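# Structural description and commentary
One-letter residues, chain by chain:
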Amino acid sequence: MFRNFYISVPNEVLEAAKIDGTGFFGIYRTIMVPLSLTGFVVVGIWQFTNIWNEFLFAVTLTTQNQQPIMVALQDLLKANQLTSFSENFLRILSKPQ
């Protein structure tokens, strides 16, 4: 993804930076990195989506003995929420009117 973006940067911009006396790393730091921020955001979103899809895969297709830690923590959190919900529900039902 970044290769195509770096190829699309006009050579005139890079030549102007060289004329101003900027070296290779200076060009990269002052021109290429700021222009690449949108690419970094897109790669971050793609990576988050891939990680999330792996989580959903682990939730649906693994047994309880083979679950990753994140899935086990999610199950533990669900169990606590259901317990507190059922406790609250029973309190409401048993409340004298």
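Model, not experiment: these values are computed from the prediction. (Residues numbered from 1 in each chain as written. Predicted model: local features only at pLDDT ≥ 70, side-chain atom pairs only at ≥ 80, totals over all residues. Heavy atoms only, no water.)

## Structural notes on the overall build of the protein
Just so we agree on the cut-off: Helix and strand assignments follow DSSP, with helices taken as H or I runs no shorter than four residues and strands as E runs no shorter than two, numbered in order from the N terminus. Exposed residues in this analysis have more than 50% of their type's maximum accessible area, buried residues have under 20%, and partly exposed residues fall in between, with area computed by a 1.4 Å probe over protein chains only. In this description, contact between two residues means that some pair of their heavy atoms is separated by no more than 4.5 Å. Computed with the Shrake-Rupley method and a 1.4 Å probe, the accessible areas treat only the protein chains shown as cover for residues.
Each helix and strand in the protein was counted, giving 4 helices and 0 strands. Sequence-ordered secondary structure for the protein, helices as α and strands as β, is α-α-α-α. Burial statistics for the protein: of 97 residues in total, 11% are counted as buried. A fraction of 43% describes how many contacts in the protein between residues 6 or more apart in sequence connect residues 24 or more apart. When the accessible surface of the protein is summed, it comes to about 8,400 Å², and 66% of that surface belongs to carbon and sulfur atoms.

## Some points on the packing of aromatic side chains
This is how it is decided: Ring geometry is summarised as follows: Phe, Tyr and Trp rings, the Trp one being its six-membered ring, pair when their centres sit within 6.5 Å, and such pairs are stacked at plane angles under 30 degrees, edge-to-face over 60 and tilted between the two.
Applying the stated criterion across every chain yields a total of 4 aromatic pairs. Ring centres 6.1 Å apart and planes at 25° place the aromatic pair Phe-2 and Tyr-6 in the stacked group. Taken together, the residues span about one helical turn, with Phe-2 and Tyr-6 both in helix 1 (residues 2-8) at a distance of 4 residues. Overall, the relative accessible area of 23% leaves Phe-2 in the partly exposed class. For Tyr-6, a relative accessible area of 26% gives the class partly exposed. Taken together, Phe-2, Phe-5, Tyr-6 and Phe-40 form an aromatic cluster joined through their ring pairs.

## Some thoughts on the nonpolar core
To be explicit about the condition: Remark: nonpolar core denotes a set of buried residues (Ala, Val, Leu, Ile, Met, Phe, Trp, Tyr, Cys) joined through side-chain atoms within 4.5 Å.
Grouped together as the largest cluster of nonpolar side chains are 5 residues: Val-9, Ala-17, Ile-27, Ile-31 and Met-32. Excluding anything up to four places from it in sequence, Ala-17 contacts Thr-22, Ile-27 and Ile-31.

## Some points on a nonpolar patch on the surface
Heads up, the condition is: Patch definition: residues with relative accessible area over 30% and no salt bridge; like charges joined within 9 Å; nonpolar side chains (Val, Leu, Ile, Met, Phe, Trp, Tyr) joined within 5 Å. Should a side-chain nitrogen of Lys or Arg be within 4 Å of a carboxyl oxygen of Asp or Glu, the pair is scored as a salt bridge.
Judged by side-chain polarity, Met-1, Val-41, Val-42, Val-43, Ile-45 and Trp-46 come together as a nonpolar surface patch covering roughly 550 Å² of accessible area. Mapped onto the fold, Trp-46 is located in helix 3 (residues 24-61). On the basis of relative accessible area, Trp-46 is assigned to the exposed category, the value being 51%.

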